[in-house]
Every structure is written in structure tokens, then in C-alpha cells.
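Next come the chains, spelled out residue by residue.
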Amino acid sequence: MKSRNTISLLSIAAALSVAAGAVLAVRTESAIRSCAARLSKLRADRDDLRSMQKDLDRYVEARRLFETADGSRAMELQEVLSAALPGVKVRDPRDTYAELPEGWVARRQEISLSDVPLNGVMAFVQAAERCRPPWRLMRCIIRGAAAPGTGNVDLTFEVIEKP
Amino acid sequence: MKWKSYGVDDLDGKPIVVRARQRGGGVVAETVAPGPEIEDCLLGRRGVCGAALSPRQSFSHLLDAPFSGGAKARKVLPTLLDIQIPFPLEECVYAFVDKHKGAEGSVRVLAVGARLADVRSRLSELAAKKIDPNVLDNEGLALWTQAGREHPNASPEKLRVVLRLGRRRSTVVVGRGKRYLGAHAVLTDNTEKIARLLRAYVGKDGRTGQIAGDYEKMEWLCAGAAAADTEVLERIRRIPAGAGDRSLTIAREPAAFLARALAIRALGIGSMRCNLRGGGLEHSASVRRSLHRRMTVAAIFVAGGLLMCAGALISERRLRSNVAQAEEAFRHEAERMAGHDVGGAKGEHALRIVAARVDELKEELRPFLEALRPSLTREIVDVMTVGKSSGLRIDVLSITPEDISIDGSAPSWRACDELLRMLRENGYAVKLDRQGEREDQWIPFTIRK
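Because the structure is a prediction, the values reported are computed rather than measured.

1. Some words on the environment of Gly344(B)
Looking at where Gly344(B) falls in the secondary structure, it is placed in the loop between helix H8 (284–338) and helix H9 (347–371). Here the alpha-carbon distance between Gly344(B) and Arg331(B), two residues 13 residues apart in the chain, equals 9.0 Å.

Rendered as C-alpha cells:
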């Protein structure tokens, strides 16, 4: 009789535990689905973050190159011009400044040259761009002059320096 | 499958006991003397003990179920058996032990059984001899299967007669080939009845139950305590059964033949096994074993259910923990990039905060990146070179990294084509505007984005 009671109790316990197991299994299955979807979304979001980071790294790397470069003060354009086109003077240089992070400044200088040989102008621009830190030509307007191979030139340069 | 069993033949007075054991993939059966050392075994407390119900106390019927499908046939078998027996089926314990194809797509099934009253009475008989068997077998089937085991080369065309010859009572089992046909209890002296019984089987086909013609040969196998008695054997030889010759063989250790059969069948070996100790008369050890088995199964299910619960809970917890870790990692990365606590922001919201901060940083650092851009001098030189080679007069050239415009004049309508192609290849999406030809035949043009 005792054994039969035990069997009855065990059978009930078995039925209950199997039923509970089945219910929990179904619930877990749905939890697995929702967690898988959540993880997949998180993975996509992290991929987006990494993509943004990679993009930003290009900018940070560019600044790092400036940090590690020799010299932080740019050579004056007049000096470069005198070497490339002796006797030619910069007419009305106009400087503008923009502050950059960590003490860096973007200096923009617009210069105009009249009746200058165009080959010499290109040599001057290339010399300016070879300076450390380099001047970078941002805008160039060339108007033809009376003599062949010459012109009136408006140039806008920009340099990043740490004054 | 059991490992050790005992078969008891008490039908001829003093019990004969055989012990059967599994050994090396085979079975070893040996006669043992009854005594105190095997008392527990005969009471079914150690190993399995098997005894027999004689054909006098039991019945066997071949049933023809008119279905070829096993499941359907199984459903109607109790009803078919009920029709065949002269007492209510509810008062019987029965089993269907052999199934084969019958005539015209029917299923032929061998049913064996006994009235509960006979089972009870047989158990009392055995109890008086201090025997309490776990298995109460059908004697006819036990003799038949043992004959097949010890003398397997039965001809499918011959009637096989297995005779267990007791001092007073005997059992006649008849079959054809491997098919069991029936068993009968007879008085050993009543040879006429034996002859009459056998004549009823002559010509009867074991498969279909139909008369298939006369058969000339029979195989007789004699066993039992009286099989060693020459006088009894001589009487048996003189039985005028059937229509022709017979070959008569005496079984090895004939007195222990039935006990051997019962012991081997109690081990769970062989076909057409049955236990007619049922209907509430089961052996206490069998009941205990059955209860134990049920308890084990129930316990396995409990354990299985609990394992399922634990597995489900642990899996869910681990999953949620993985998600929480991934969310935390994302939040850390977002905060590192944003440079400040993003609060409770998640997903798209957090991405928007980070993107705003990244755009801000990119804007601050843009001059550094632009300063590393390729020089504009190459484009200026290219324009000048191509302009010169195409014979163009360039009045104004204005160029920035993003834009270009050229005003000038060309000597012909197609003189600007080369310059246009070069600019487009360099990434400037420009178009050409031309005016009418001037008096000096030069054509003014403008190239702009």
C-alpha cells in the first residue's frame, strides 16, 4: 500500500515536473527568440558604432600626423614667394584664423599676384605645399594677362599651425 | 532478460528442478536436487521460478481474425477468444502468443489461457509443495518450444508429436513443422485416446487449419519420467495413429525435459512465452518488481522533468545575462565615443547621441584632414596643358577642391572636348556652355559645374 502511494505520488510529481519542464521549455524557446533578436540588434548597433569610430579615426589620425610633424609654426608665404619668384611681392595679404582643438589654429591667407609668369606661380605653390607644416592651396583664380604665359592670380592658402 | 531461473516439474509427483543460467551468449541448464539451499529460489525470491499449468488446467485456441492489419486484429482477438471458450473471459487469464498469416489474408493467432479458479487451485497445489512460481507457463507450449530447441530439424511436412509421459498422466502436444497445433492431457494407459487424438490431426494443415491430405510420416519425441520405462514405451510404439510410419526419439534426460523447458522460458528466452499467473494472482516478488519498475520509471520522469525545468531556467538566465552583457558593452562603447554618460539611452537613441558627438569632432578636425588632401596644382597644370594642346584661350580659371569654372574661347566647336573629358575623369561634374562665333571666328565658352 505504501509503495502504491509512493508510486501515485511519484507519478503526480513526474506529471507535474514534466508539465512544468514543458511549460518552461516553451517559455525559454520564446525567450531565446527575443534574446536572439535583441542580440542581433545590439550587434548591428555596435557595427554602426564601429563604423563611426573608423570614420572618426581618419580625422584623429590626420591630427596625429600634425602632432608628430617637425615644427609647428608655418613659414611666411612672402619668404616662399621670394625664393620662387624673386622680386614679386605679395599684394594685400589677408589673414583669417580659426581655432582648432588643443591650441592648433587654421590660418587662411589670401594673396594676389599681378602679371606673374604662370610657371613660376605653380613652382611657388608647390614650394609652399612642401613647407612643414604645409600650406595648402584652397582656391586659385587665374586671369590671363597681356603677355603670353603670364597672368593675374588670386590664391587662397591655409596652414594649420600652433602659434 | 533474467540471468538465472528455475523450472519446476511437479506434475508427476516429486518435483524435478532445473536451473538455467545465461553463460557466454548461451544457456546452461542443469538439474538440481530440491533442498533447503534452493528453497528461496522455488519460492520465487531469488531468480525467477517457473512452473506449468497442464492442458487439463489451461486451454489453447487458434483464432482466425479476418484482418490483415495487426492492430485491428488485436482489437477483436479477445472477442474471438470469448466465443471459443465455454466460460466468461473475465474469469480467465489469457495471452496471445503467436501470430502468423492465415488463409485468405486473415491473421491466425494462438491464444493460451486458464480460468482464474484453475490458476488459484494450481498455485495452492504448488504452495503445498513449498513452490511459489513467478511464472506459470503453459505446459503444451513449454514442451513444444523445448522440442524445437533440442531437436530443431523438424520437417515442415511431418506431424510432430511431443509426449510427456508421466507415471499416471501424460501430455500430448501436436504440431506441424514449427507450428503448434494443440496439447491434450491424457492418462498414460489410455493409448486409444492418444491414437484418437492424433488421428484428428492427420492431414490437418498447420497454417490454414484446413485438411490438406493424408500424411504418411510423423516424428514422435518422448520425454517425461516414464519415457525411460520400456514397458510404457512399448505401449506407445504400438499406438496405431496416423496413416503410416513414425520415427520415435527419446529426449535427453527425459524426466527433466519439462523442467528444462520451464527454466529456459523463465529466463525470457525463446518464442511463444506466456505467464498465466495474472488477474490479481501475481507473485509478490513480481508485483514488487513491477512496482519497483513503475517507481523507477516515475522517478526517471521526475528527474527528467526537473532537468528540463533546470535546463530551461539556466538557459534563460544565461541568455538574459548574455544580452545584459552585450547591452553593457554597447553602452560603454557609446559612452566612450560620446565622451559622456548617455544615461538610459539605448539603441537608436544612443546611436544618435554618439553620431552627433562624432560629427562635432569631425567638424573640429576637418582642417587637419583637408590639409592632407592632394594638391590642386596637378589639376591646374592639367587644365593649362590640355587647354594649350587644344588651342584654347583661357581667360579665367577658378578652382577649389570642390568646384571649377573656366571662361575662355575656342578655335572650333569641338576644341573643348578633350578638356571636358579630362575634367570629368578627375571627378568634376562639369558642363559646357558655348556662345555664338565671334567676328574673329573664335567661340566663347564657359565650363561650370
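Read on for the rest.
2. Digging into the sheet that holds strand E1 (residues 4–9) of chain B
All names here are of chain B. Reading across the sheet, the five strands line up as E3-E2-E1-E4-E8 and stay open at both edges, with mixed pairing between neighbours. If you trace the sheet from one side to the other, it starts and ends with strand E3 (26–32) and strand E8 (135–138), each paired once. For this sheet, the mean angle separating the axes of adjacent strands, direction not counted, is 30°. As defined by bridge partners, E1 adjoins strand E4 (residues 48–53) across three bridges and the pair is classed as parallel. Pairing of Tyr6 across the sheet is with Cys49, part of E4.

3. Quick notes on the interface of chain B and chain A
Listed per partner, the contact involves 54 residues of chain B and 55 residues of chain A. Of all the elements in the fold, those that place two or more residues in the side of chain B that touches chain A are H8, H9, helix H10 (377–389) and strand E14 (393–399) of chain B. With 26 residues, H8(B) is the largest single contributor of residues to the side of chain B that touches chain A. Tallied by class, residues from the side of chain B that touches chain A come to 36 nonpolar, nine polar and nine charged. In this structure, strand E3 (residues 135–144) of chain A lies alongside E14(B), joined through four bridges in antiparallel fashion.

4. Digging into unusual backbone geometry
In this chain, Arg132(A) is followed by Pro133(A) through a cis amide linkage whose omega measures -10°. Looking at the element boundaries, Pro133(A) is found in the loop between helix H3 (118–130) and E3. Of note, Lys130(B) is a non-glycine position whose phi angle comes to about 60°, a positive value. Lys130(B) gets classed as exposed once you count the C-beta atoms within 10 Å, which come to 11. In this structure, Met272(B) is a non-glycine residue whose phi angle is positive, near 50°.

5. Observations regarding the confidence of the model for chain A
Averaged over all residues, the pLDDT of chain A is 86; the fraction at 70 or higher stands at 96%. No element of chain A has a lower mean pLDDT than strand E1 (residues 91–99) of chain A, which averages 83, and none a higher one than E3(A), which averages 91.

6. A few points about the packing of helix H4 (residues 139–150) of chain B against helix H7 (residues 257–266) of chain B
Residue and element names in this part refer to chain B. Contact geometry of H4 with H7 gives a least axis separation of 9 Å together with a crossing angle of 90°. As the angle between them shows, H4 and H7 are arranged roughly perpendicular. Note on element contacts: H7 touches H4 through Phe257, Leu258, Arg260, Ala261, Leu262 and Arg265, opposite Glu139, Ala142, Leu143, Thr145 and Gln146. Across the contact of H4 with H7, the residue classes tally to six nonpolar, two polar and three charged.

7. Regarding the environment of Val112(B)
Within the fold, Val112(B) resides in strand E7 (residues 107–115). C-alpha of Val112(B) to C-alpha of Asp137(B): the two residues are 25 residues apart in sequence and 9.7 Å apart in space.

8. Some points on H7(B)
With 10 of its 10 residues buried, H7(B) lies for the most part within the structure. Once H7(B) ends, the next one or two residues include Gly268(B), with phi positive near 95°.

9. Things to note about the sheet that holds E3(A)
Here eight strands make up an open sheet; going across it, the order is E1(A)-E2(A)-E4(A)-E3(A)-E14(B)-E15(B)-E17(B)-E16(B) and the pairing antiparallel. The open sheet has two edge strands with one neighbour each: E1 of chain A together with strand E16 (431–434) of chain B. Sheet twist, expressed as the mean angle between neighbouring strand axes with direction ignored, is 15°. Inspection of the sheet shows E16(B) paired to strand E17 (residues 443–448) of chain B by four bridges, in the antiparallel sense. Counted as the bridge partner of Asp433(B) is Thr446(B) from E17(B).

Calculation rules
- Residues numbered from 1 in each chain as written.
- Chains lettered and ligands numbered in written order.
- Predicted model: local features only at pLDDT ≥ 70, side-chain atom pairs only at ≥ 80, totals over all residues.
- Helix = DSSP H or I, 4+ residues; strand = E, 2+ residues; numbered from the N terminus.
- Pairing = 2+ DSSP bridges.
- Axes fitted to C-alpha atoms, helices over the stretch in contact; angles between N-to-C directions.
- Contact = placed C-beta atoms within 7 Å.
- Nonpolar A, V, L, I, M, F, W, Y, C, P; charged D, E, K, R; others polar.
- Buried ≥ 20, exposed ≤ 12 C-beta atoms within 10 Å, placed from the backbone.
- pLDDT = per-residue confidence, 0-100.
- Parallel < 35°, antiparallel > 145°, perpendicular 65-115°, else oblique.

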